[in-house]
Amino acid sequence: MSKIAERLYNGIVKENPIFVLLLGICPTLAVTTSATNGLGMGLSSMVVLALSNALVSALRHLIPSRVRMPAFIVIVASFVTIVQFLIQGYLPGLYDQLGIYIPLIVVNCIILGRAESYASKNPIILSFFDGIGMGLGFTLSLVFIGAVREILGSGAVFGVQILPLADAASGKAGYTPISIFVLAPGAFLILALLVVIMNVVREKQAAKGKPLASGNGCLTGECSSCSLSSTCKGKSEVSEEDDPLVKKAVENLKAKQTVNEEVKA
Amino acid sequence: MTKLILIFIAASIVNNVVLSQFLGLCSFLGVSKRIKTAVGMGGAVIFVITISSLVAGLLYKFILVPTGFEYLQTIVFILVIAALVQMVEMFLKKYVPSLYKALGVFLPLITTNCAVLGVALKNVANDYSILTGVIYGLGTGVGFMVAIVILAGIREKCEYNDYPKYFKGSAMTLITSALMSIAFFGFAGVI
């Protein structure tokens, strides 16, 4: 039981996929125009995440490791298709709002990442709750970001008007919506502010001696966490250290430092 | 013909794939440190999206629809794209080494790029014919290239600027993208 609680805590707080790990940025930006959309997207991802984690874990001794990526993708895509039909059937309004982003849950790096890094190595129950925890963390973050954008962009949360709107015609004073926050640029701005706030929190926690798990999504340009890391040949081209000029400069700097230290000694 | 040109311009500039639809953000933010790598990545994306929208369109029209398996589109498209990228890579390595040298390293990165799957799914959702779908794919790829090259240029210029330390790295990249996104908003209503 405590292990299950630990998985949930890990997903929601310690390794929150958006706030801490900076994973799954595409859906975060695209669907958080309102809190309701964030909730719908988060819950659908959670269902896919929990079920695919459980199935991957159940089949972990059967799937040969060389073909595990295609196998994982097929498992995830099947669950995504099921969830897509459920939403289309029972929540047509949400289906129209989220549109193409529902099938795109397949390429959400959180899901393949958890299948690769956790579910393929751990028992079924724990993997299932790892999916639930990660999914809840993802949902809460999406709802939070969606609520912030909705309140700034239209003065409402979950469609309920919270700030009374100004009306120029009747001269009524009130809130003038900053509509850019529900449009595309607002998504980038809010995410940028989020990253800045997390940088501050990260530094404070590190100073306290309790560092947060490091961010490792695509946003950080960090390839090691990527599920395709082992087969990808693009990494060396992407990383800056590979630039021969930079490499040489760094080596020169290091050599100078060692010389200085030797002189001091 | 005019319709095709309009679709191309709409896909590449007005509804830019990264800046207004948020597809393919991973490589947009991750591979935009240098203009040289950005051009390579953009070229690879144009190449793969165009080919994959053709293949996905053919598969959907001639296999999935006649057999009544339209609902398997997500699974089929993602597997076909993954296999296609591998095959394109092998083909280029063997027959067009010069192109492989320029684009090859970026090809595996594109397998999970959501823009590729997104275009295949959108072609189906919008009921595009195969030719229209390919033009739409090409336009999307060009839009990606335009966005990533501009971002890389700006990032190269700001690399040595002095801004608050918490903004260093990805936060500054995101703010740059926000400003670019506002600029691209100016194109809304052109078509």
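Residues numbered from 1 in each chain as written. Chains lettered and ligands numbered in written order. Predicted model: local features only at pLDDT ≥ 70, side-chain atom pairs only at ≥ 80, totals over all residues. Heavy atoms only, no water.

A.B. asks: Requested: an account of the interface of chain A and chain B, with residues and values cited.
C.D. replies: Residue-level contacts link 43 residues of chain A with 48 residues of chain B. Roughly 4,100 Å² of surface becomes buried between chain A and chain B when both sides are summed, with 78% attributable to carbon and sulfur atoms. On the surface where chain A and chain B come into contact, there are one salt bridge. Where Lys 165 of chain B meets Glu 203 of chain A, a salt bridge forms, and the shortest distance between an N and an O atom there is 3.1 Å. At the boundary of chain A with chain B, the tally comes to four residue pairs in polar contact (both at pLDDT 80 or more). Put simply, the parts of the chain that give the side of chain A that touches chain B at least two residues each are α2 (25-31), α4 (68-90), α8 (184-207) and α9 (235-238) of chain A. (Contact = heavy atoms within 4.5 Å. Buried area = accessible area lost by both parts, 1.4 Å probe. Salt bridge = Lys/Arg side-chain N within 4 Å of Asp/Glu carboxyl O. Polar contact = N/O pair within 3.5 Å; in protein donor to acceptor, adjacent residues only side chain to side chain. Helix = DSSP H or I, 4+ residues; strand = E, 2+ residues; numbered from the N terminus.)

A.B. asks: Requested: an account of a nonpolar patch on the surface, with residues and values cited.
C.D. replies: Residues and elements named next belong to chain A. Together, Leu 39, Leu 43, Phe 158, Val 160 and Ile 162 line one region of the surface with nonpolar side chains, adding up to about 420 Å² of accessible area. Tracing the chain through its elements places Ile 162 in the loop between β2 (160-161) and α8. Overall, Ile 162 belongs to the partly exposed group, its relative accessible area being 48%. (Patch = residues over 30% accessible without salt bridge, like charges linked within 9 Å, V, L, I, M, F, W, Y side chains within 5 Å. Areas by Shrake-Rupley, 256 points an atom, 1.4 Å probe, with all protein chains shown as cover. Buried < 20%, exposed > 50% of the residue type's maximum accessible area, 1.4 Å probe, protein only.)

A.B. asks: Help me get a handle on the nonpolar core, residues and values and all.
C.D. replies: When a protein is soluble and globular, its nonpolar side chains tend to lie buried together. If you look at the biggest cluster of nonpolar residues, it comprises 109 residues, and the most contacted ones within it are Leu 104 of chain A together with Leu 25 and Phe 28 of chain B. For Phe 28 of chain B, the contacting residues outside a window of four places in its chain are Val 18, Leu 19, Phe 144, Ala 147, Ile 148, Leu 151, Ser 177 and Met 180 of chain B. (Core = buried A, V, L, I, M, F, W, Y, C linked by side-chain atoms within 4.5 Å.)

A.B. asks: Explain the side chain of Gln 84 of chain A residue by residue, including any values.
C.D. replies: All names here are of chain A. Mapped onto the elements of the fold, Gln 84 is located in helix α4. Its relative accessible area of 12% is what places Gln 84 among the buried residues. There is a polar contact of 3.4 Å between the side chain of Gln 84 and the side chain of Tyr 95.

A.B. asks: Outline the packing of helix α1 (residues 2-14) of chain A against helix α7 (residues 124-154) of chain A, listing residues and values.
C.D. replies: All names here are of chain A. The geometry of α1 relative to α7 is characterised by a closest axis approach of 7 Å and an angle of 30° between their N-to-C directions. By the angle between their directions, the pair α1 and α7 is classed as roughly parallel. At the point where α1 passes α7, the crossing takes the right-handed sense. Here Lys 3, Ile 4, Arg 7, Leu 8, Asn 10, Gly 11 and Ile 12 of α1 come into contact with α7, specifically with Ile 125, Leu 126, Phe 129, Asp 130, Ile 132, Gly 133, Met 134, Leu 136, Gly 137 and Leu 140. Class assignment for the residues of the contact of α1 with α7 results in ten nonpolar, four polar and three charged. (Axes fitted to C-alpha atoms, helices over the stretch in contact; angles between N-to-C directions. Parallel < 35°, antiparallel > 145°, perpendicular 65-115°, else oblique. Left-handed = near helix turned anticlockwise from the far one by under 90°. Nonpolar A, V, L, I, M, F, W, Y, C, P; charged D, E, K, R; others polar.)

A.B. asks: I'd like a rundown of the confidence of the model for chain A, residues and numbers included.
C.D. replies: Residues and elements named next belong to chain A. Per-residue confidence for chain A averages 81 on the pLDDT scale, and 84% of its residues sit at or above 70. Of all the helices and strands in chain A, α9 carries the lowest mean pLDDT, 47, while helix α3 (residues 35-58) carries the highest, 93. Taken together, the stretch residues 236-242 has pLDDT below 50 and engages in 14 contacts with residues farther than four places along the chain or on a different chain. (pLDDT = per-residue confidence, 0-100.)

A.B. asks: Break down the packing of α3 of chain A against α7 of chain A for me, citing the residues and quoting the values.
C.D. replies: Each pair of packed helices gets described by two things: the angle between the helix axes and the distance between those axes. All names here are of chain A. At a minimum axis separation of 8 Å, α3 and α7 run at an interaxial angle of 165°. Considered as vectors, α3 and α7 are oriented roughly antiparallel to each other. Considering only the axes of α3 and α7, their crossing is right-handed. Looking at the contact of α3 with α7, its residues break down into 19 nonpolar, ten polar and two charged.

A.B. asks: Pulling in residues and values, what's your account of the environment of Ile 51 of chain B?
C.D. replies: All names here are of chain B. Within the secondary structure, Ile 51 is located in helix α3 (residues 35-67). In this structure the C-alpha to C-alpha distance between Ile 51 and Ile 81, which are 30 residues apart in sequence, comes to 9.4 Å. Setting aside chain neighbours within four positions, we find Ile 51 in contact with Leu 84 and Val 88.

A.B. asks: Can you tell me about the packing of aromatic side chains, naming the residues and giving the values?
C.D. replies: Scanning the entire structure with this criterion turns up nine aromatic pairs over all chains. For the ring pair Tyr 128 of chain B and Tyr 136 of chain B, a centre distance of 5.5 Å and an interplane angle of 55° mean the geometry is tilted. Given a relative accessible area of 26%, Tyr 128 of chain B falls into the partly exposed group. Judged by its relative accessible area of 10%, Tyr 136 of chain B is buried. Site record: aromatic cluster; members linked through ring pairs are Phe 85 of chain A together with Phe 69 and Tyr 71 of chain B. (Phe/Tyr/Trp six-rings, centres within 6.5 Å; stacked < 30°, edge-to-face > 60°.)

A.B. asks: So what's going on with the pattern of salt bridges? Which residues, and what values?
C.D. replies: All names here are of chain A. In the structure shown here, the tally under the stated rule is six salt bridges over all chains. With a closest N to O distance of 2.9 Å, Arg 7 and Asp 130 form a salt bridge. Note that Arg 7 is positioned in helix α1 and Asp 130 in helix α7, a separation of 123 residues in sequence. A single burial state applies to Arg 7 and to Asp 130, both of which are buried.

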